[in-house]
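# Summary of the model geometry
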Amino acid sequence: MRFGIRTLDDLALRGRTVICRVDMNQPVDREKGTLKSTNRIRACAPTLRELSEKGARVVILAHQGSDIEYKNYYTTKPHADVLRSLGLDVKWIDDVCGPAAREAIKALKDGELLLLDNVRFVAEEQTLFETKLKLTHEQQAHTQVVEKLAPLADAYVCDAFAAAHRDQPSLCGFEQVLPSAMGRLFEKEFCTVSELMESPARPCVFVLGGAKISDAFLMLQTVLGKGVADCVLTGGLVGNIFLAALGKDIGQGSVDFIYKSNYGEYIDRARELYEQYGEKIMLPSDLAWVENGERCEAVLGGIPAGIASVDIGSATAAAYRDVIMSAKTVFVNGPMGVFEQGPSELGTKMVWQALADTGAHTVLGGGDSITAAEKYQVTDKMGYICTGGGALIRFLTGEELPVVKALRHGSAIPE
Ligand code: ADP
Ligand code: MG
């Protein structure tokens, strides 16, 4: 047991049918029917391997795509191919909890693995269902996916820390009826961030950029309020919102973008946060924008009226580098600019290089932040890469994650 949750060491596995919920959600290349990245699949493979080697009959549940962007829903078939390429002998079936899936589960032998199709093909698993109906965990136990699959299983393992902020039946419902545990990846990610929050080596620096504004501000309130953060380096849209809050002229294009994205209310929040914790919050001193395909930079005060800033400037990046170099813990979520494009990548590139060079323990989370680390080939220089950006940032807001709560419940159910 760690932090009140069973680990794989606390579950009997041989001959047991175990439902294992993983997060293998990856960008899909629809034309080729393949996945553009296999990060998350590689990350959860050790748990699946351990379950199989210890003789469990492993039923794998996963989602692919989100209903908010419905067109990116996709089958989990290519994920099975990736798992096979990693040496796991996985069967796959194009059914989630219907008769075909249930027969295939009943036919499993010790050590065999079966991947079911995209669990979000079931309506109750969709984010819209989650946000509109807000089922309790007890109610989630009475959804199709849990009622059809749980009776065939002896235990439930959740290895999907990247989805731990979601409140959906395949993530929180099984723990109401089955003895539960966290998988190895969940254990590593959850325990790492829990320990980081409890007692970080200091100075503890937060690098906060990107575009997930509501979570970013909740998180700032918590890490500053609890005294976890000694310094926050702001960039991306987060930085622009702070600058706008302090009345800095950041270019009308940037201001328009903030309002167009419905983040206007955060300007007031940013002002309040800055009034209270200003000495711990570092803001960009210069910004970059793109004109005719070329990168342009100016210090605050000299920003042309019409521009939309897409990166921090190089003086800011250099100042941030110094802070990162003398830190002991650095937590990172969200790039400093639109790093996907050449002219606006410099800020992210320089800061990410500093993350690679510092002696501090670095924790990096978020899909785009990880993509940036890959782009600048610094992935293996990071202390710890967390597969879940949304879950990580929600965790850092101080709120108990729905899946953590459910796992604590399922950890108390006797085997
Ligand atoms: P992560 O996936 O690492 O959690 P986010 O999803 O919050 O990060 O933010 C990443 C996105 O933010 C990227 O697509 C990037 O292009 C965008 N972005 C960064 N800086 C800016 C900016 N100044 N204006 C608009 N978008 C930005
Ligand atoms: Mg992102």
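The coordinates are above.
Conventions used here
- Residues numbered from 1 in each chain as written.
- Chains lettered and ligands numbered in written order.
- Predicted model: local features only at pLDDT ≥ 70, side-chain atom pairs only at ≥ 80, totals over all residues.
- Heavy atoms only, no water.
- Near = heavy atom within 4 Å.
- Polar contact = N/O pair within 3.5 Å; in protein donor to acceptor, adjacent residues only side chain to side chain.
- Areas by Shrake-Rupley, 256 points an atom, 1.4 Å probe, with all protein chains shown as cover.
- Helix = DSSP H or I, 4+ residues; strand = E, 2+ residues; numbered from the N terminus.
- Nonpolar A, V, L, I, M, F, W, Y, C, P; charged D, E, K, R; others polar.
- Salt bridge = Lys/Arg side-chain N within 4 Å of Asp/Glu carboxyl O.
- Buried < 20%, exposed > 50% of the residue type's maximum accessible area, 1.4 Å probe, protein only.
- Pairing = 2+ DSSP bridges.
- Right-handed = clockwise from strand over helix to strand, strands pointing away.
- Axes fitted to C-alpha atoms, helices over the stretch in contact; angles between N-to-C directions.
- Parallel < 35°, antiparallel > 145°, perpendicular 65-115°, else oblique.
- Contact = heavy atoms within 4.5 Å.
- Expected span 1.5 Å × (residues − 1).
- Arc of directions from axis to C-beta.
- Phe/Tyr/Trp six-rings, centres within 6.5 Å; stacked < 30°, edge-to-face > 60°.

### Overview of the site of ligand 1
- By nearness alone, 19 residues border ligand 1, and Ala211, Lys212, Glu340, Asp368 and Ser369 come closest of all.
- Within the backbone of Gly367, a nitrogen or oxygen atom sits 3.3 Å from an oxygen atom of ligand 1.
- In this structure, an oxygen atom belonging to ligand 1 sits 2.6 Å away from a side-chain N or O atom of Ser369.
- When ligand 1 sits alone it has 580 Å² of accessible area, and the protein chains cover 86% of it.
- Elements with a contribution of two residues or more to the shell around ligand 1: α10 (236-245) and α15 (367-375).
- A class-by-class count of the residues in the shell around ligand 1 yields six nonpolar, ten polar and three charged.

### Some points on the pattern of salt bridges
- Evaluation of the coordinates by the stated rule reveals 22 salt bridges.
- With a closest N to O distance of 3.4 Å, Glu103 and Lys106 form a salt bridge. Taken together, the positions of Glu103 and Lys106, both in helix α3 (residues 99-106) and three residues apart, correspond to about one turn of that helix.
- The class for Lys106 is exposed, based on a relative accessible area of 51%.
- Here Glu400 ties to Arg408 by a salt bridge, and the two come within 2.4 Å at their closest N and O atoms.

### Brief notes about the pairing of strand β9 (residues 204-208)
- Among the five residues in β9, five count as buried, and that is most of the element.
- Of the two faces of β9, both are covered, the one formed by Cys204, Phe206 and Leu208 as well as the one formed by Val205 and Val207.
- Relative to strand β10 (residues 231-234), β9 runs parallel, the two being bridged by four bridges. When the sheet's bridge partners are listed, Val205 is paired in β10 with Cys231.
- The parallel pair β9 and β10 is bridged by helix α9 (residues 213-225), and the resulting crossover is right-handed.

### A few points about the packing of α10 against helix α12 (residues 265-277)
- At a minimum axis distance of 8 Å, the contact between α10 and α12 shows a crossing angle of 75°. In this view, α10 runs roughly perpendicular relative to α12, as classed from their interaxial angle. For the pair α10 and α12, contact is made by Ile241, Phe242, Ala244 and Ala245 and by Tyr266, Ile267, Ala270, Arg271, Leu273 and Tyr274, respectively.
- Looking at the contact of α10 with α12, its residues break down into nine nonpolar, no polar and one charged.

### Focus on unusual backbone geometry
- At the junction of Arg202 and Pro203, the peptide bond is cis and its omega measures out at 5° in the coordinates.
- One can find Pro203 in the loop between α8 (184-198) and β9.
- Phi is positive for Gln377, close to 55°, though the residue is something other than glycine.

### Details of the side chain of His165
- Inspection of the secondary structure assignment puts His165 in the loop between β7 (155-158) and α7 (169-173).
- Filtering out sequence-adjacent residues up to four positions away, His165 remains in contact with Glu130, Gly390, Ala391, Arg394, Leu401 and Pro402.

### As for the sheet that holds strand β5 (residues 90-92)
- Ordered by their spatial adjacency, six strands build an open sheet running β5-β6-β4-β1-β7-β8, and the pairing between neighbours is parallel. The open sheet has two edge strands, β5 and β8 (180-182), and neither has a second partner. With direction set aside, neighbouring strand axes in the sheet form an average angle of 25°.
- As paired elements, β5 and strand β6 (residues 113-115) share three bridges and run parallel to each other.

### A word on helix α13 (residues 314-325)
- In a regular helix each residue adds 1.5 Å, so twelve residues correspond to 16 Å; α13 covers 16 Å between its end C-alpha atoms and thus fits that length.
- For α13, the complete set of buried residues consists of Thr316, Ala317, Tyr320, Val323 and Ile324. Taken around the axis of α13, the buried residues stretch over an arc of 120°, which confines them to a single face.

### Topic: the packing of aromatic side chains
- Enumeration according to the criterion identifies eleven aromatic pairs in this entry.
- Each ring, one from Tyr156 and one from Phe174, has its centre 5.2 Å from the other, and the planes form 15°; the classification is stacked. Taken together, the positions of Tyr156 in strand β7 and Phe174 in the loop between α7 and β8 put the pair 18 residues apart, joining distant regions of the chain.
- Judged by relative accessible area, which is 0%, Tyr156 ranks as buried.
- Taking the relative accessible area as the measure of exposure, Phe174 reaches 0% and is therefore buried.
- Note on Phe186 and Phe190: the rings are 6.0 Å apart at their centroids and 55° apart in plane angle, and the pair reads as tilted. In this pair, Phe186 and Phe190 both sit in helix α8, four residues apart, roughly one turn of the helix.
- Three or more aromatic residues link up through ring pairs in this structure, and these residues are Phe3, Phe161, Phe186, Phe190 and Phe395.

### Focus on the sheet that holds strand β17 (residues 384-386)
- With parallel pairing, six strands are arranged side by side in an open sheet as β11-β10-β9-β15-β16-β17. Each edge of the sheet is formed by a strand with only one pairing partner; in this case those strands are β11 (281-282) and β17.
- Along the sheet, helix α16 (residues 389-396) makes contact with β9, β15 (329-333), β16 (361-365) and β17, crossing β15 at roughly 125°.

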